[in-house]
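A look at the structure
Each chain is listed here by its residues.
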Amino acid sequence: MNGEPLALYVHWPFCVSKCPYCDFNSHVRSGIDQDEWRAALLADLAHEARLLPGRQLTSIFFGGGTPSLMEPATAEAIVDAATSYWSPTRDIEITLEANPNSVESARFADLARAGVNRLSLGLQSFDDGALHFLGRAHSATEGFRALEIAERTFRRVSFDLIYALPGDTQESWSAMLAQALSLGTSHLSLYQLTIEPGTRFASMVARGELRPLDSDEAATLYELTDAMTSDAGMPAYEISNYARRGQESRHNLTYWRYGDYAGVGPGAHGRRLGMRTIRHRKPENFLSALVRNGHAIAEEAPLSRVEAADEALVMGLRLREGIDVQAIAERFSLPSIVDLDRVDRLAASGHLKRKLTRIALTPAGRLLLDHILGEIALGEPALASAG
Ligand code: SF4
(Lines give C-alpha, C1' and ligand atoms only; values in the text may rest on other atoms or scores of the structure.)
Protein backbone atom coordinates (compact mmCIF):
# COMPACT_ATOMS: atom_id res chain seq x y z
CA MET A 1 0.00 0.00 0.00
CA ASN A 2 1.33 3.42 -0.90
CA GLY A 3 3.09 5.48 1.73
CA GLU A 4 3.28 2.60 4.22
CA PRO A 5 6.51 2.44 6.21
CA LEU A 6 9.23 0.05 5.14
CA ALA A 7 12.59 -0.96 6.61
CA LEU A 8 15.48 -2.31 4.53
CA TYR A 9 17.98 -4.92 5.71
CA VAL A 10 21.18 -5.46 3.70
CA HIS A 11 23.41 -8.45 4.50
CA TRP A 12 27.16 -8.38 3.88
CA PRO A 13 28.20 -12.03 4.30
CA PHE A 14 31.98 -11.85 4.75
CA CYS A 15 34.21 -11.85 7.83
CA VAL A 16 37.97 -11.91 8.31
CA SER A 17 37.64 -15.07 10.42
CA LYS A 18 34.83 -17.13 11.92
CA CYS A 19 34.16 -16.59 15.64
CA PRO A 20 33.64 -19.89 17.49
CA TYR A 21 30.21 -18.93 18.88
CA CYS A 22 28.80 -17.51 15.63
CA ASP A 23 25.88 -19.04 13.78
CA PHE A 24 25.21 -16.02 11.56
CA ASN A 25 25.49 -16.32 7.81
CA SER A 26 29.15 -15.33 7.66
CA HIS A 27 31.86 -16.65 5.37
CA VAL A 28 35.61 -16.25 5.13
CA ARG A 29 36.85 -15.71 1.55
CA SER A 30 40.11 -14.45 0.15
CA GLY A 31 39.78 -11.84 -2.54
CA ILE A 32 36.27 -10.42 -2.51
CA ASP A 33 35.41 -8.59 -5.73
CA GLN A 34 33.88 -5.43 -4.29
CA ASP A 35 32.57 -4.23 -7.66
CA GLU A 36 30.83 -7.51 -8.31
CA TRP A 37 29.24 -7.45 -4.85
CA ARG A 38 28.13 -3.85 -5.17
CA ALA A 39 26.41 -4.66 -8.47
CA ALA A 40 24.86 -7.82 -7.02
CA LEU A 41 23.41 -6.13 -3.94
CA LEU A 42 22.07 -3.29 -6.08
CA ALA A 43 20.39 -5.74 -8.46
CA ASP A 44 18.84 -7.66 -5.56
CA LEU A 45 17.61 -4.37 -4.08
CA ALA A 46 16.13 -3.28 -7.43
CA HIS A 47 14.02 -6.46 -7.43
CA GLU A 48 12.48 -5.59 -4.05
CA ALA A 49 11.93 -1.99 -5.17
CA ARG A 50 9.92 -3.17 -8.18
CA LEU A 51 7.61 -5.14 -5.88
CA LEU A 52 7.21 -2.39 -3.30
CA PRO A 53 6.50 0.87 -5.09
CA GLY A 54 5.67 4.08 -3.28
CA ARG A 55 6.74 3.14 0.24
CA GLN A 56 8.21 5.38 2.93
CA LEU A 57 11.67 4.20 3.94
CA THR A 58 12.15 4.52 7.70
CA SER A 59 15.46 2.69 8.18
CA ILE A 60 18.31 0.84 6.52
CA PHE A 61 20.40 -1.68 8.44
CA PHE A 62 23.69 -3.07 7.11
CA GLY A 63 24.28 -6.32 9.01
CA GLY A 64 26.52 -9.31 8.56
CA GLY A 65 28.98 -10.77 8.48
CA THR A 66 31.11 -7.69 8.87
CA PRO A 67 29.63 -4.88 6.81
CA SER A 68 32.39 -2.51 7.90
CA LEU A 69 34.55 -4.54 5.49
CA MET A 70 32.31 -3.29 2.69
CA GLU A 71 33.78 -0.41 0.71
CA PRO A 72 32.07 2.82 1.82
CA ALA A 73 31.26 3.42 -1.88
CA THR A 74 29.09 0.28 -1.78
CA ALA A 75 27.18 1.48 1.28
CA GLU A 76 26.76 4.85 -0.43
CA ALA A 77 25.47 3.31 -3.67
CA ILE A 78 22.94 1.23 -1.72
CA VAL A 79 21.77 4.21 0.37
CA ASP A 80 21.44 6.32 -2.80
CA ALA A 81 19.50 3.62 -4.64
CA ALA A 82 17.19 2.84 -1.71
CA THR A 83 16.38 6.49 -1.09
CA SER A 84 15.62 7.01 -4.77
CA TYR A 85 13.30 3.97 -4.97
CA TRP A 86 11.45 4.90 -1.78
CA SER A 87 10.92 8.24 -0.10
CA PRO A 88 13.06 8.39 3.02
CA THR A 89 11.51 9.79 6.19
CA ARG A 90 13.23 12.96 7.39
CA ASP A 91 14.75 11.14 10.33
CA ILE A 92 15.68 7.95 8.47
CA GLU A 93 17.93 5.74 10.61
CA ILE A 94 20.86 4.17 8.73
CA THR A 95 22.80 1.70 10.87
CA LEU A 96 25.93 -0.26 10.04
CA GLU A 97 27.49 -3.00 12.14
CA ALA A 98 31.24 -2.66 12.57
CA ASN A 99 34.09 -4.52 14.18
CA PRO A 100 36.44 -2.35 16.16
CA ASN A 101 39.80 -3.02 14.56
CA SER A 102 41.89 -0.25 13.21
CA VAL A 103 41.35 -0.95 9.50
CA GLU A 104 37.62 -0.68 9.96
CA SER A 105 37.69 2.38 12.24
CA ALA A 106 39.68 4.17 9.54
CA ARG A 107 36.59 3.86 7.34
CA PHE A 108 34.11 5.40 9.78
CA ALA A 109 34.34 8.94 8.37
CA ASP A 110 33.71 7.67 4.82
CA LEU A 111 30.79 5.57 6.02
CA ALA A 112 29.28 8.63 7.71
CA ARG A 113 29.68 10.56 4.45
CA ALA A 114 27.93 7.67 2.69
CA GLY A 115 24.87 8.37 4.84
CA VAL A 116 25.35 6.00 7.79
CA ASN A 117 24.12 7.84 10.90
CA ARG A 118 24.15 5.06 13.49
CA LEU A 119 27.03 2.65 14.19
CA SER A 120 26.64 -0.62 16.02
CA LEU A 121 30.04 -1.69 17.27
CA GLY A 122 30.88 -5.31 18.14
CA LEU A 123 33.09 -4.67 21.17
CA GLN A 124 31.94 -7.91 22.91
CA SER A 125 34.23 -7.50 25.95
CA PHE A 126 36.68 -5.14 27.64
CA ASP A 127 38.86 -8.05 28.70
CA ASP A 128 41.62 -9.31 26.38
CA GLY A 129 41.35 -12.87 27.75
CA ALA A 130 37.61 -12.96 27.00
CA LEU A 131 38.18 -11.46 23.54
CA HIS A 132 40.71 -14.18 22.81
CA PHE A 133 38.29 -16.86 24.06
CA LEU A 134 35.57 -15.43 21.79
CA GLY A 135 37.96 -15.56 18.81
CA ARG A 136 37.79 -11.82 18.27
CA ALA A 137 40.45 -10.18 16.15
CA HIS A 138 40.65 -6.97 18.22
CA SER A 139 42.03 -6.03 21.63
CA ALA A 140 40.21 -4.13 24.38
CA THR A 141 42.38 -1.07 23.65
CA GLU A 142 41.41 -1.15 19.98
CA GLY A 143 37.80 -1.45 21.05
CA PHE A 144 37.94 1.69 23.19
CA ARG A 145 39.71 3.58 20.42
CA ALA A 146 37.10 2.55 17.87
CA LEU A 147 34.31 3.60 20.22
CA GLU A 148 35.91 7.02 20.65
CA ILE A 149 36.17 7.50 16.88
CA ALA A 150 32.61 6.26 16.40
CA GLU A 151 31.21 8.66 19.03
CA ARG A 152 32.98 11.54 17.27
CA THR A 153 31.82 10.47 13.82
CA PHE A 154 28.22 9.25 14.07
CA ARG A 155 25.13 10.83 15.51
CA ARG A 156 24.18 7.62 17.30
CA VAL A 157 26.33 4.75 18.53
CA SER A 158 25.56 1.41 20.11
CA PHE A 159 27.86 -1.38 21.17
CA ASP A 160 27.49 -5.08 21.91
CA LEU A 161 28.88 -7.04 24.83
CA ILE A 162 28.67 -10.79 25.38
CA TYR A 163 28.41 -12.02 28.96
CA ALA A 164 27.69 -15.18 30.91
CA LEU A 165 30.94 -16.68 29.61
CA PRO A 166 32.34 -19.70 31.49
CA GLY A 167 33.89 -18.34 34.67
CA ASP A 168 31.91 -15.07 34.69
CA THR A 169 30.80 -14.04 38.18
CA GLN A 170 28.49 -11.35 39.52
CA GLU A 171 31.58 -9.37 40.50
CA SER A 172 33.35 -9.63 37.13
CA TRP A 173 30.23 -8.88 35.07
CA SER A 174 28.99 -6.03 37.24
CA ALA A 175 32.44 -4.39 36.98
CA MET A 176 32.41 -4.66 33.18
CA LEU A 177 28.82 -3.48 32.90
CA ALA A 178 29.51 -0.52 35.21
CA GLN A 179 32.39 0.43 32.93
CA ALA A 180 30.14 0.10 29.87
CA LEU A 181 27.48 2.30 31.44
CA SER A 182 30.08 4.91 32.42
CA LEU A 183 30.99 5.47 28.77
CA GLY A 184 27.78 7.38 28.09
CA THR A 185 26.77 5.42 24.98
CA SER A 186 23.03 5.74 24.46
CA HIS A 187 22.26 2.16 23.34
CA LEU A 188 23.69 -1.21 24.38
CA SER A 189 23.06 -4.75 23.17
CA LEU A 190 23.98 -7.18 25.95
CA TYR A 191 23.83 -10.80 24.89
CA GLN A 192 24.34 -13.90 26.98
CA LEU A 193 26.68 -16.43 25.37
CA THR A 194 24.58 -19.23 23.95
CA ILE A 195 25.96 -22.38 22.42
CA GLU A 196 24.44 -22.65 18.96
CA PRO A 197 24.38 -25.94 17.05
CA GLY A 198 27.02 -26.25 14.34
CA THR A 199 29.45 -23.78 15.93
CA ARG A 200 33.00 -24.53 17.09
CA PHE A 201 31.86 -23.97 20.69
CA ALA A 202 29.13 -26.59 20.23
CA SER A 203 31.77 -29.17 19.19
CA MET A 204 33.92 -28.20 22.16
CA VAL A 205 30.96 -28.66 24.52
CA ALA A 206 30.25 -32.07 22.95
CA ARG A 207 33.90 -33.10 23.49
CA GLY A 208 33.81 -31.90 27.10
CA GLU A 209 36.35 -29.13 26.41
CA LEU A 210 33.99 -26.30 27.30
CA ARG A 211 31.45 -26.05 30.07
CA PRO A 212 28.87 -23.28 29.63
CA LEU A 213 27.93 -21.21 32.62
CA ASP A 214 25.24 -22.81 34.76
CA SER A 215 21.77 -21.52 33.74
CA ASP A 216 20.90 -20.33 37.28
CA GLU A 217 24.10 -18.29 37.33
CA ALA A 218 23.27 -16.88 33.89
CA ALA A 219 19.77 -15.95 35.12
CA THR A 220 21.28 -14.13 38.10
CA LEU A 221 23.55 -12.18 35.73
CA TYR A 222 20.53 -11.26 33.60
CA GLU A 223 18.67 -9.90 36.62
CA LEU A 224 21.78 -7.98 37.68
CA THR A 225 21.97 -6.50 34.16
CA ASP A 226 18.32 -5.47 34.33
CA ALA A 227 18.81 -3.71 37.66
CA MET A 228 22.04 -1.93 36.71
CA THR A 229 20.81 -0.70 33.33
CA SER A 230 17.52 0.52 34.83
CA ASP A 231 19.41 2.41 37.56
CA ALA A 232 21.54 4.03 34.86
CA GLY A 233 18.49 5.25 32.92
CA MET A 234 18.93 2.70 30.14
CA PRO A 235 16.27 0.07 30.79
CA ALA A 236 15.73 -2.96 28.57
CA TYR A 237 13.29 -2.18 25.79
CA GLU A 238 13.79 -5.68 24.40
CA ILE A 239 15.20 -8.86 25.92
CA SER A 240 18.84 -8.01 25.12
CA ASN A 241 18.63 -4.33 24.14
CA TYR A 242 18.94 -1.33 26.44
CA ALA A 243 18.60 2.34 25.58
CA ARG A 244 18.01 5.83 26.79
CA ARG A 245 14.53 7.03 25.93
CA GLY A 246 14.29 7.80 22.22
CA GLN A 247 17.53 5.97 21.37
CA GLU A 248 15.98 2.58 20.64
CA SER A 249 16.89 0.97 17.30
CA ARG A 250 13.99 1.98 15.09
CA HIS A 251 14.98 -0.64 12.55
CA ASN A 252 14.76 -3.47 15.06
CA LEU A 253 11.53 -2.05 16.45
CA THR A 254 10.07 -2.55 12.96
CA TYR A 255 10.82 -6.30 13.24
CA TRP A 256 9.47 -6.59 16.75
CA ARG A 257 6.36 -4.54 16.01
CA TYR A 258 5.83 -6.71 12.96
CA GLY A 259 6.23 -4.10 10.25
CA ASP A 260 7.25 -4.82 6.66
CA TYR A 261 10.92 -5.04 5.76
CA ALA A 262 12.77 -5.88 2.59
CA GLY A 263 15.80 -8.12 3.11
CA VAL A 264 18.55 -8.27 0.47
CA GLY A 265 21.95 -9.93 0.38
CA PRO A 266 22.96 -13.55 1.13
CA GLY A 267 20.70 -15.31 3.62
CA ALA A 268 18.64 -12.17 4.29
CA HIS A 269 15.08 -12.70 5.45
CA GLY A 270 12.33 -10.27 4.52
CA ARG A 271 8.62 -9.86 5.03
CA ARG A 272 6.57 -7.85 2.62
CA LEU A 273 2.91 -7.71 1.69
CA GLY A 274 2.13 -10.89 3.61
CA MET A 275 5.02 -12.85 2.02
CA ARG A 276 8.10 -14.26 3.71
CA THR A 277 11.29 -14.09 1.62
CA ILE A 278 14.65 -15.79 2.14
CA ARG A 279 17.73 -15.19 -0.05
CA HIS A 280 20.34 -17.84 -0.93
CA ARG A 281 22.77 -18.11 1.98
CA LYS A 282 26.03 -19.11 0.32
CA PRO A 283 27.68 -16.14 -1.42
CA GLU A 284 28.44 -18.13 -4.60
CA ASN A 285 24.85 -19.42 -4.84
CA PHE A 286 23.54 -15.93 -4.22
CA LEU A 287 25.56 -14.55 -7.14
CA SER A 288 24.60 -17.33 -9.55
CA ALA A 289 20.88 -17.03 -8.64
CA LEU A 290 21.06 -13.31 -9.37
CA VAL A 291 22.53 -13.95 -12.79
CA ARG A 292 19.89 -16.62 -13.48
CA ASN A 293 16.81 -14.88 -12.09
CA GLY A 294 17.58 -11.19 -11.59
CA HIS A 295 17.08 -11.69 -7.83
CA ALA A 296 18.51 -14.08 -5.25
CA ILE A 297 15.35 -15.31 -3.55
CA ALA A 298 15.63 -18.95 -2.49
CA GLU A 299 12.18 -19.12 -0.88
CA GLU A 300 9.14 -16.90 -1.14
CA ALA A 301 5.86 -17.98 0.39
CA PRO A 302 2.69 -16.37 1.66
CA LEU A 303 2.28 -16.38 5.43
CA SER A 304 -1.04 -17.77 6.57
CA ARG A 305 -3.05 -15.58 8.97
CA VAL A 306 -2.26 -17.97 11.80
CA GLU A 307 1.48 -18.03 11.03
CA ALA A 308 1.62 -14.25 10.80
CA ALA A 309 -0.29 -13.76 14.06
CA ASP A 310 1.98 -16.27 15.77
CA GLU A 311 5.10 -14.50 14.51
CA ALA A 312 3.73 -11.14 15.62
CA LEU A 313 3.18 -12.58 19.10
CA VAL A 314 6.68 -14.07 19.29
CA MET A 315 8.24 -10.78 18.14
CA GLY A 316 6.04 -8.47 20.21
CA LEU A 317 6.57 -10.31 23.47
CA ARG A 318 10.29 -9.60 23.20
CA LEU A 319 9.50 -5.95 23.77
CA ARG A 320 9.11 -4.33 27.16
CA GLU A 321 6.02 -2.52 25.81
CA GLY A 322 4.55 -5.94 25.00
CA ILE A 323 1.78 -6.49 22.53
CA ASP A 324 -1.92 -5.75 22.13
CA VAL A 325 -3.25 -9.25 21.50
CA GLN A 326 -6.65 -7.98 20.39
CA ALA A 327 -5.13 -5.61 17.83
CA ILE A 328 -3.06 -8.48 16.40
CA ALA A 329 -6.09 -10.77 16.29
CA GLU A 330 -8.05 -8.07 14.42
CA ARG A 331 -5.15 -7.37 12.07
CA PHE A 332 -5.16 -11.00 10.95
CA SER A 333 -8.95 -11.52 11.21
CA LEU A 334 -8.70 -14.08 13.99
CA PRO A 335 -10.98 -14.23 17.03
CA SER A 336 -8.05 -14.36 19.46
CA ILE A 337 -4.36 -15.32 19.53
CA VAL A 338 -3.74 -16.23 23.19
CA ASP A 339 -5.48 -18.12 25.96
CA LEU A 340 -6.36 -15.27 28.36
CA ASP A 341 -6.99 -17.61 31.31
CA ARG A 342 -3.43 -18.82 31.01
CA VAL A 343 -2.20 -15.24 30.62
CA ASP A 344 -3.94 -14.38 33.90
CA ARG A 345 -2.38 -17.39 35.63
CA LEU A 346 1.08 -16.27 34.48
CA ALA A 347 0.27 -12.73 35.59
CA ALA A 348 -0.60 -14.08 39.06
CA SER A 349 2.74 -15.91 39.20
CA GLY A 350 4.64 -12.73 38.28
CA HIS A 351 5.74 -13.69 34.75
CA LEU A 352 3.38 -11.53 32.70
CA LYS A 353 1.62 -8.19 33.05
CA ARG A 354 -1.78 -7.63 31.52
CA LYS A 355 -3.68 -4.38 31.04
CA LEU A 356 -6.93 -5.05 29.18
CA THR A 357 -5.75 -6.64 25.94
CA ARG A 358 -2.08 -5.58 26.18
CA ILE A 359 0.31 -8.16 27.63
CA ALA A 360 4.02 -7.91 28.41
CA LEU A 361 6.64 -10.06 30.09
CA THR A 362 7.97 -9.09 33.50
CA PRO A 363 11.78 -9.27 34.00
CA ALA A 364 11.28 -12.76 35.51
CA GLY A 365 9.15 -13.73 32.52
CA ARG A 366 11.76 -12.52 30.02
CA LEU A 367 14.01 -15.39 31.09
CA LEU A 368 11.27 -17.88 30.17
CA LEU A 369 10.02 -16.46 26.87
CA ASP A 370 9.88 -19.77 24.98
CA HIS A 371 8.12 -21.56 27.80
CA ILE A 372 5.57 -18.75 28.19
CA LEU A 373 4.86 -18.67 24.47
CA GLY A 374 4.20 -22.41 24.59
CA GLU A 375 1.75 -21.83 27.44
CA ILE A 376 -0.28 -18.94 26.07
CA ALA A 377 -0.25 -19.20 22.26
CA LEU A 378 -3.46 -20.75 21.00
CA GLY A 379 -1.51 -22.50 18.27
CA GLU A 380 -2.31 -23.62 14.76
CA PRO A 381 -5.20 -26.08 15.24
CA ALA A 382 -7.22 -23.94 17.69
CA LEU A 383 -6.77 -20.77 15.65
CA ALA A 384 -7.37 -22.46 12.32
CA SER A 385 -10.66 -23.95 13.46
CA ALA A 386 -11.70 -20.71 15.19
CA GLY A 387 -10.74 -18.64 12.13
S1 SF4 B 1 32.51 -11.08 13.26
FE2 SF4 B 1 30.32 -11.37 13.76
S3 SF4 B 1 29.40 -12.32 11.95
FE4 SF4 B 1 31.63 -12.47 11.72
S5 SF4 B 1 32.10 -14.52 12.51
FE6 SF4 B 1 32.35 -13.10 14.23
S7 SF4 B 1 30.33 -13.05 15.26
FE8 SF4 B 1 30.04 -13.99 13.24
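As a reminder, the structure under discussion sits directly above these lines.
For clarity, every value in this text was computed on a predicted model and none was experimentally measured.

Side note on the overall build of the protein
Counting secondary structure elements, the protein contains 17 helices and 15 strands. Computed over C-alpha atoms, the radius of gyration of the protein comes to 21 Å, within 12% of the 21 Å expected from 2.2 N^0.38 for 387 residues, which places it in the range of a compact globule. Overall, the protein is about 55 × 50 × 45 Å in size when its C-alpha atoms are taken along their principal axes. Within the protein, buried positions represent 50% of all 387 residues. Surface exposure of the protein reaches about 17,200 Å², of which carbon and sulfur atoms provide 51%. Of the charged side chains in the protein, 39 are positive and 49 negative, and the gap between their average positions amounts to 4 Å.

Some remarks on the site of the ligand
The immediate surroundings of the ligand are formed by Cys15, Ser17, Lys18, Cys19, Tyr21, Cys22, Phe24, Ser26, Gly65, Thr66, Asn99 and Arg136. Residue composition of the shell around the ligand, by class: five nonpolar, five polar and two charged.

What to know about unusual backbone geometry
Excluding glycine, most residues fall at negative phi; most peptide bonds, likewise, are trans. Each neighbour pair has its own omega, and for Gly64 with Gly65 the value is 20°, a cis peptide bond. Of note, Gly65 is situated in the loop between strand S2 (56-64) and helix H2 (72-85). For Ala164, which is not glycine, the phi torsion reads 60° and is therefore positive. In this model, Tyr258 sits at a positive phi of 65°, which is unusual for a non-glycine residue. Within the element layout of this structure, Tyr258 appears in the loop between helix H10 (250-256) and strand S9 (261-264).

Observations regarding the packing of aromatic side chains
Counted under the stated rule, the structure contains 14 aromatic pairs. Relative to Trp37, the ring of Phe14 has its centre 5.1 Å away and its plane inclined at 85°; by these criteria the two rings are edge-to-face. Of this pair, Phe14 sits in the loop between strand S1 (5-12) and helix H1 (34-51) while Trp37 sits in helix H1, placing them 23 residues apart in sequence. An identical accessibility class is assigned to Phe14 and Trp37; each is buried. Ring plane angle 65° and centroid distance 5.8 Å describe the contact between Phe108 and Phe154, whose orientation is recorded as edge-to-face. Linking Phe108 in helix H4 (residues 108-113) with Phe154 in the loop between helix H6 (140-153) and strand S5 (156-163), this pair joins segments that are 46 residues apart in sequence. Site record: aromatic cluster; members linked through ring pairs are Trp12, Phe14, Trp37 and Phe286. The positively charged end of Arg271 is found above the aromatic ring belonging to Tyr258, 3.7 Å away from the centroid.

A closer look at the sheet that holds strand S15 (residues 358-361)
The strand order S13-S15-S14 describes an open sheet built from three strands, whose pairing is antiparallel. Looking at the sheet topology across the chains shown, the edges are occupied by strand S13 (323-324) and strand S14 (352-355). Here four bridges tie S14 to S15, and the two strands are oriented antiparallel to one another. Each bridged residue has a counterpart across the sheet, and for Lys355 the counterpart in S15 is Arg358.

Things to note about the nonpolar core
Counting 90 residues, the largest nonpolar core has Leu8, Ile60, Phe62 and Leu121 as the members making the most contacts within it. If we skip the residues at most four places from it in the chain, Leu121 touches Ala98, Asn99, Pro100, Phe108, Ala146, Leu147, Ala150, Ser158, Phe159 and Asp160.

What counts and what doesn't
- Residues numbered from 1 in each chain as written.
- Predicted model: local features only at pLDDT ≥ 70, side-chain atom pairs only at ≥ 80, totals over all residues.
- Heavy atoms only, no water.
- Helix = DSSP H or I, 4+ residues; strand = E, 2+ residues; numbered from the N terminus.
- Rg over C-alpha atoms; globule rule 2.2 N^0.38 Å.
- Buried < 20%, exposed > 50% of the residue type's maximum accessible area, 1.4 Å probe, protein only.
- Areas by Shrake-Rupley, 256 points an atom, 1.4 Å probe, with all protein chains shown as cover.
- Lys, Arg positive; Asp, Glu negative; His and termini not counted.
- Charge placed at Lys NZ, Arg CZ, Asp CG, Glu CD.
- Near = heavy atom within 4 Å.
- Nonpolar A, V, L, I, M, F, W, Y, C, P; charged D, E, K, R; others polar.
- Phe/Tyr/Trp six-rings, centres within 6.5 Å; stacked < 30°, edge-to-face > 60°.
- Lys NZ or Arg CZ within 6 Å of the ring centre and 35° of its normal.
- Pairing = 2+ DSSP bridges.
- Core = buried A, V, L, I, M, F, W, Y, C linked by side-chain atoms within 4.5 Å.
- Contact = heavy atoms within 4.5 Å.

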